Structures are given as structure tokens and as C-alpha cells.
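# Working through the structure, step by step
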Amino acid sequence: MTDPLIIGAMVRTLGAYPSGWRHPGAHRDPAADADILRHIAQEGEDAGLDYLFFGDWLATGPDLEFRDPYLLARIDPVSAVLFLAGVTSRIGLIATVNTTYADPYTTARSLASLDVLTRGRAGVNLVTGAEPRAAGNHGRDAHADNESRYGRAEEFVEALRRLWDSWAEDAWVADAERGVLIDPEGLRSADLRGEHLRVSGPLNVARPPQGRIPIVHAGTSPRSRALAATAADLALIAAPTIAEAIATRRTLRDIAAEAGRSPDALKVIAPVLPVVADTDAAAHRIVERLLALVPLAEGHHSARTAFPQNRTVDALADALEVPADDELRTAAFDQPVTRAEEARLGERGAALIERVARIAGLRMAEGGTAGAGSAGAALTWRHLVAAHAVPAAFVVGDAGTIADHFERWRDHEAADGFNVLSAFQPSQFEAFTRTAAPELRRRGLLRDEGDAGGKPSATTLRDRLRVSSYVDA
Ligand SMILES: Cc1cc2nc3c(=O)[nH]c(=O)nc-3n(C[C@H](O)[C@H](O)[C@H](O)COP(=O)(O)O)c2cc1C
């Protein structure tokens, strides 16, 4: 039998699509995150998802308003998972930690605490960070270069392993009669003296139920791939197409095998942004609305210094290499794109139009059929500029359409699982958990939570991920 996919939620309370917070009914107040986090956790757990995942970004600034509004203000990830530990009982909880700035002892300690408190549901996503402003927030002059960030990250992983191994499995004796609480032999130091890090240990938290807490890694550089392949249980990849995912997964598995690991010990997870509704047409209308809500260079927005430069028809024409004197550069946002204009946008323009028509159910002016939604509204420059400026891994449709996508990626060995993003909260996450998740389970793509006797089929995050504790080669 084929294994189910690993399916987790990448939680962004303000929504994962930058205009999602503007959708009617969407959560848009980070000061009220407690309620929405509890709600998301309940939904994810009831749907039988494998984990809730929290990314991190160590700075904020006005430029993020239009690019990544969910990064502007949010609960720090370790606080979020500790908060949710008390209101969940089965789902895995993964927090991101930036190894460039974090302290390994503090990280080992808070994650071991989470693992003990949740009886083995903790995971940690280690990133080295890509935000230069993080340096100033941590008393440094500049963000470290790739070499030294990954040098430190490798030592960080070693430090976590040694600290989590502080207590041998039988070191806590607790023999009240003899008055023996611990076996001192079973309490081991970390004694790491590296180029970047020093930590003595042992750790003052009980041995985590999972032993070594599952490690996730996300990055793109060669050093990042090497770290993911040799040290992580889960690798998060950015894969815009199935072909790229297949190639990246194969590369990571090859590096793992060269390092002496079983490639099956490394699970590769791709991001996906399902836009789910009861019918394909209703899901298309949500995407149309999201695109229409992307702020473009008009009205009060363009007066902001931080407003992105790529949100004009002219910038789109530049990106598609249309001659500078072409009159289509002056098209108004709400003007439909004509067939004649499409022809002037070249092959890449035609591909963009085809995709936007397909995901948003739009039709071309002049009676063309630029996609599935030939009965829908007209495709305008607004849709095109928005889709080009704010790309997303949209998969759009009813439960069956979403499940078809997941199934195709599994069958082509493109990914071992998905990080599910929701365009806005909570209704798009609910649409996924309440309509898509049952269909995924029916097709064997989402883990069945209990066996015939109602016994849980997995209790720890490691069980859910089907990765045994990593043993050095
Ligand atoms: C799917 C994915 C998720 C990521 N999530 C985060 C994150 O939450 N926080 C962060 O600082 N960086 C995150 N990154 C960025 C990476 O940590 C990395 O710094 C960036 O991709 C640059 O690659 P490099 O570190 O290999 O040079 C993510 C990257 C990917 C591919």
C-alpha cells in the first residue's frame, strides 16, 4: 500500500496571500491572534492534519505591508507552539528558529520543554535567515554571509543533538525506597567546542519523549541543500512546478544517500496554496477577488515610498520585454485585455494569461476562450499585473480538484507531503479542513488517524512523519 502524504498547515493568521486580509470576513488584527490561533489549531487537529507549522522573520518594516503583510506583526513561533500545546492533544507543533541569532542551549531547552509538555509532538524548523535587518535587532553590524551562517547552522544541529541526548533513557531512576533519583552516569555533557559555537551541557530538561526532536530545514543554496539532506528529517522546498519538485526531491535524496543515510529518512515537503470552495466556479471567483484586491499603483497607494515598483502595466510590459514604445503600456487597469494585445505580450505573456484565466475563471474579450472559465468575467490588466507581481502556488477548485493535485504530486514522487497555506483566515483554512481533507483521507492521501479499534495510528510527530530517530552514519 502507498503511504499517505504528510500534510501540515503553514500558519499565517493574516493570510498567506498578500491581499487575503482584505477579503470580507478575513482575520486582520494581530492583537487578536490568540482566538484565531486556537481556532486554526482545533480545525487542523479535528481534520487529522499532521502538524501546524510556524515560520519566522526577525524584523519588520513598512515595506512589508504590500509584499508580505503577514510578516508585519505576529506571535513569535516558539510562543505560538507553547500556547497551542495546551489546547491540542494530537497534532504536531513545529516552530522556526533562526540559527544565525538563536542560542543553542535556549533552543534545545524550549523545544525539549515543548516535547515533554506535548508528549512528543514538537518539531523545529532551522533556518539561517535572509533578512538583513535582523542583524541590527541582535546587536550585529551585518547579516553574516552564507558560508558562516551554514557553518554555524551545522554546529547548531550538533549542539541540539548532544543536548537532547543529555539524559540517557534510564538515567531518571526515581527509586523512592532506595532514595536514588538519578543515575549520574546517565547524565552526559554536550562538550561542543566549535568554530562558531560552544556549549557545555547537560540540558536541565528531562529527555524529550522523541529523543531527538524532528528537524526541518528550508533554504535554497548548495550549503542549505547539504544541511537538509544530511541533518534534517523534513526538507521544505520552494517548487513552482511539479518538474522542479521532482528534480529537487531527487537531488536531496541523492545527497542524503551519498552521506550514508537512507533517502527515505528525509521527507521532502512542498508548499501549496489551495483555494477551496464547494464548486470549481466558486473557487475561481475567490481567486478573481483576491487578484482584484491586490493594491496596484493607483490612488493613495502609489504615494507610499515603500510601494512596490512592479505594480503597473508598464512594469509588466518591461518584465515581458514588450518594446518601450508599444501603446499597450498605457492601458488602464480595468480595461479588458484583448486578443490583439495578448499577441503583443509574447509567449510568456500568453502563458501568464492562460494561467490567470484558468485559476480565476476569466474569459478574454472578443469572444476568445482563454481558459476553463469562458463564462466568467473579463480578464483585465488588473488581474494580469496582480498575478505577475504577487505570484502564489494556487491550486483552485472543489475538494476533488484539490485532491487530484495532491494525488498527482504523490504519484509522480514530486513530494512526500505538503505545507498547506491559506489565502485568508479562517474561512479558507476551514474550507480545506472541512471539505478537502475528508476527500484526501477517502483517497488514502491523508493519514487515517485511528485503526479499527480506535487506537491512534501515530502518537508522536516522528511517527506521523515516518522518520526514525536519526543515527549518525
Ligand atoms: C519553503 C521555505 C520556507 C522558508 N521559511 C523561512 C522562515 O520562516 N524564516 C526565515 O528566516 N527563512 C525562511 N526561508 C528562507 C531560508 O531560510 C533561506 O534563508 C532562503 O531561502 C535563502 O536561501 P539560503 O539560506 O540557502 O541562502 C524559507 C525558505 C523556503 C524555501
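Please refer to the structure placed before this passage.
Residues numbered from 1 in each chain as written. Predicted model: local features only at pLDDT ≥ 70, side-chain atom pairs only at ≥ 80, totals over all residues. Heavy atoms only, no water.

## Thoughts on the site of the ligand
This is how the line gets drawn: Here, proximity means that at least one heavy atom of the residue falls within 4 Å of the molecule or strand. Any pair of N or O atoms that falls within 3.5 Å is considered a polar contact. Within protein, one atom must be able to donate a hydrogen and the other to accept it, and sequence-neighbouring residues count only if both atoms are side-chain atoms. Computed by Shrake-Rupley with a 1.4 Å probe, the accessible areas treat only the displayed protein chains as cover when residues are assessed. To qualify as a helix, a DSSP run of H or I must reach at least 4 residues; to qualify as a strand, a run of E must reach at least 2; elements of each kind are numbered from the N terminus. Polar here means any residue other than Ala, Val, Leu, Ile, Met, Phe, Trp, Tyr, Cys and Pro, which are nonpolar, and Asp, Glu, Lys and Arg, which are charged; Gly is therefore polar.
Near the ligand there are 18 residues, and of these Asp 56, Tyr 150, Ala 218, Thr 220 and Ser 221 occur at the shortest range. In this structure, an oxygen atom belonging to the ligand sits 3.2 Å away from a side-chain N or O atom of Asn 146. Tyr 150 places a polar side-chain atom, nitrogen or oxygen, 2.7 Å from an oxygen atom of the ligand. A total of 610 Å² of accessible area belongs to the ligand in isolation, and the protein chains cover 80% of it. Per-element tally for the shell around the ligand: the top contributor is helix H6 (residues 146-164), with three residues. Split by residue class, the shell around the ligand holds eight nonpolar, eight polar and two charged.

## Quick look at the packing of helix H3 (residues 77-85) against helix H4 (residues 104-117)
Our working rule: To define axes, lines are fitted to C-alpha atoms, for helices over the stretch in contact only, and angles between the resulting N-to-C directions are given on a 0 to 180 degree scale. The cut-offs work like this: below 35 degrees is roughly parallel, past 145 is roughly antiparallel, 65 to 115 is roughly perpendicular, and the gaps in between are oblique. Should the near helix be turned counterclockwise from the far one by less than a right angle, the crossing is left-handed, whereas a clockwise turn marks it as right-handed. Whether two residues are in contact is decided by their heavy atoms: any pair within 4.5 Å suffices.
Where H3 meets H4, the closest approach of the two axes is 10 Å, and the angle between their N-to-C directions is 15 degrees. Taken together, the axes of H3 and H4 lie roughly parallel to each other. Crossing handedness for the pair H3 and H4: left-handed. Contact residues: H3 offers Val 78, Val 81, Leu 82 and Ala 85, while H4 offers Ser 110, Leu 114 and Leu 117. Classifying every residue of the contact of H3 with H4 gives six nonpolar, one polar and no charged.

## Digging into the packing of aromatic side chains
Which entries qualify depends on this criterion: Stacked, tilted and edge-to-face are the three classes assigned to paired rings of Phe, Tyr and Trp, where Trp is represented by its six-membered ring and a pair needs centres within 6.5 Å; plane angles under 30 degrees give stacked, over 60 edge-to-face, the rest tilted. For each residue, the accessible area found with a 1.4 Å probe, counting protein chains only, is set against the maximum for its type, and the residue is called buried under 20%, exposed over 50%, and partly exposed in between.
Throughout the structure, instances matching the rule amount to six aromatic pairs. Residues Tyr 17 and Phe 394 carry aromatic rings whose centres are separated by 5.0 Å and whose planes lie at 40 degrees to one another, so their mutual orientation is tilted. On the criterion of sequence distance, the pair formed by Tyr 17 in the loop between strand E1 (6-10) and helix H1 (33-46) and Phe 394 in strand E12 (residues 394-397) is long-range, its members being 377 residues apart. One exposure class covers both Tyr 17 and Phe 394, and it is buried.

## With respect to the pairing of strand E4 (residues 122-127)
Where we set the bar: Think of it this way: DSSP has to see at least two bridges between two strands before they count as a pair. Orienting the strands away from the viewer, one traces the path from the first strand over the helix to the second; a clockwise path indicates a right-handed crossover.
Counting buried positions along E4 yields six of six residues, so the element is predominantly enclosed. Neither face of E4 is open: one carries Ala 122, Val 124 and Leu 126, the other Gly 123, Asn 125 and Val 127, and all of them are buried. The pairing of strand E3 (residues 92-98) with E4 spans six bridges and is classified as parallel. Directly across from Asn 98, in E4, lies its bridge partner Val 127. The parallel pair E3 and E4, bridged by H4, forms a crossover whose chirality is right-handed.

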